[in-house]
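Survey of secondary and tertiary structure
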Amino acid sequence: MMMIDLTHTLTTSTEAPMSIWPGHPTLEMTKVATIPEQNANVTLISLGSHTGTHIDAPNHFIADGLTVDKYDLTKLVGRALVIDVRGKKAREMITWEDMRKWEGEMYEGVIVLICTGWSRYWGKENYEEHPFMDLDAAKKLMETGVRVIGCDTLSPDNVCSPECEVHKVILGAGGMIAENLRGIEEVLTLKDPIVSLLPLKLDDCDGSPIRAIAWSAGDI
């Protein structure tokens, strides 16, 4: 069975640094027990709910929105539809015109993955300069019935925009947003791709790291 790992490695290495949203907590990993001293290895981990490859619950921007522990998990595993916009330049807008040709494949239950190719800049200064989704495109995407999207960028919004309007449209519709995915372009090689974006069951939490994976439905 061929499985594609869509997840960046969580690491404290300075040789392979991680990208994080400005102002968010950084990852810390501390050994609190080791072999042979304590006969087992145990690590204390500290990180934000939106660290690394993660998913945003509606509650991230919607005060009374669902938290990750309450969300319907069946919506986070499903058919993947890759929107290939790798031709977009730094901070260029992704419009509905860019996405329209896939409209017939957009419906409830489909998980839309926005492929900009920007994951190649993970850990670099220009990772924040990624293409971003137009507000009208986000609204039209929700009108198709799609409720879960993923992107290989820090956000579907422009990082320079504090309003995060695309987040509010998608999360306000009861959707979820997976961010900082990697290797979405590899999903294009799969026949009838399935993607899993399952979060940790964190009580009353607005987001969670995920281990995002994709595979072909025919491989099961």
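Thresholds, definitions, all that
- Residues numbered from 1 in each chain as written.
- Predicted model: local features only at pLDDT ≥ 70, side-chain atom pairs only at ≥ 80, totals over all residues.
- Heavy atoms only, no water.
- 1 Å grid on protein atoms, 1.4 Å probe; cavity = no way out; pocket = protein on both sides within 12 Å on 5 of 7 lines; lining within 4 Å.
- Points joined across faces, edges and corners; volume = space filled by probe spheres on them.
- Nonpolar A, V, L, I, M, F, W, Y, C, P; charged D, E, K, R; others polar.
- Phe/Tyr/Trp six-rings, centres within 6.5 Å; stacked < 30°, edge-to-face > 60°.
- Buried < 20%, exposed > 50% of the residue type's maximum accessible area, 1.4 Å probe, protein only.
- Pairing = 2+ DSSP bridges.
- Helix = DSSP H or I, 4+ residues; strand = E, 2+ residues; numbered from the N terminus.
- Axes fitted to C-alpha atoms, helices over the stretch in contact; angles between N-to-C directions.
- Parallel < 35°, antiparallel > 145°, perpendicular 65-115°, else oblique.
- Contact = heavy atoms within 4.5 Å.
- Patch = residues over 30% accessible without salt bridge, like charges linked within 9 Å, V, L, I, M, F, W, Y side chains within 5 Å.
- Areas by Shrake-Rupley, 256 points an atom, 1.4 Å probe, with all protein chains shown as cover.
- Salt bridge = Lys/Arg side-chain N within 4 Å of Asp/Glu carboxyl O.
- Right-handed = clockwise from strand over helix to strand, strands pointing away.

Okay, empty space enclosed by the protein next. This model, assessed by the stated rule, comprises 1 cavity of 30 Å³ or more. Of the voids in this model, the largest cavity is the one considered here, and its volume is about 50 Å³. When its residues are assigned to classes, the lining of the largest cavity shows 7 nonpolar, 3 polar and 1 charged.

Tallied over the full model, the rule gives 2 aromatic pairs. Where W118 meets Y121, the ring centres are 4.8 Å apart and the plane angle is 65 degrees; that geometry is what we call edge-to-face. The class for W118 is buried, based on a relative accessible area of 5%. Seen from their ring centres, W122 and Y127 are 5.3 Å apart, and the 90 degrees between their planes marks the pair as edge-to-face.

In space, the 9 strands of this open sheet follow the order β1-β13-β11-β5-β7-β9-β10-β4-β12, with mixed pairing throughout. In this open sheet, the two strands that pair with only one neighbour each are β1 (3-5) and β12 (207-209). Between one strand axis and the next, the sheet turns through 30 degrees on average, direction left out of account. Pairing geometry for strand β5 (residues 77-84) and strand β11 (residues 193-196), over 3 bridges, is antiparallel. The residue bridging G78 from the neighbouring strand is V195, located in β11.

Between helix α2 (residues 135-143) and helix α3 (residues 165-172), whose axes approach to 9 Å, the crossing angle comes to 10 degrees. In terms of orientation, α2 and α3 fall into the roughly parallel class. Only E165, V166, V169 and I170 of α3 make contact with α2, whose side of the interface consists of L135, A138, K139 and M142. Split into classes, the residues belonging to the contact of α2 with α3 amount to 6 nonpolar, no polar and 2 charged.

This next bit is on a nonpolar patch on the surface. Together, L10, M29, I45 and L47 make up a nonpolar patch on the protein surface, roughly 320 Å² of accessible area in all. Tracing the sequence through the fold places L10 in the loop between β1 and β2 (28-33). The class for L10 is partly exposed, based on a relative accessible area of 34%.

Okay, the pairing of strand β9 (residues 148-151) next. A two-sided burial pattern is seen for β9, the buried positions comprising V148 and G150 on one face and I149 and C151 on the other. One ladder, built from 4 bridges, connects strand β7 (residues 111-115) with β9; its direction is parallel. Residue pairing across strands places L113 opposite G150, the latter belonging to β9. Taken together, the 3 bridges between β9 and strand β10 (residues 176-179) define a ladder with parallel strand orientation. Across the sheet, V148 pairs through a bridge with M176, a residue of β10. Traced from β9 through α3 to β10, the parallel crossover comes out right-handed.

Inspection of the secondary structure assignment puts V112 in strand β7. In this structure V112 comes out as buried when scored by relative accessible area, which is 0%. Spatially, the C-alpha atom of V112 lies 9.2 Å from that of L141, the residues being 29 residues apart in sequence. With sequence-adjacent residues up to four places away left out, V112 is seen in contact with L81, I83, L141, V146, V148, I149 and G150.

Now for the pattern of salt bridges. The tally for this structure, following the rule as stated, stands at 9 salt bridges. Its salt-bridge partner being D84, residue R86 comes within 2.7 Å of it at the nearest N-O pair. The salt bridge involving K88 is made with E92; its shortest N-O contact spans 3.5 Å. With a relative accessible area of 14%, K88 lands in the buried category. Each of K88, E92 and D98 takes part in a single network of salt bridges with overlapping partners.

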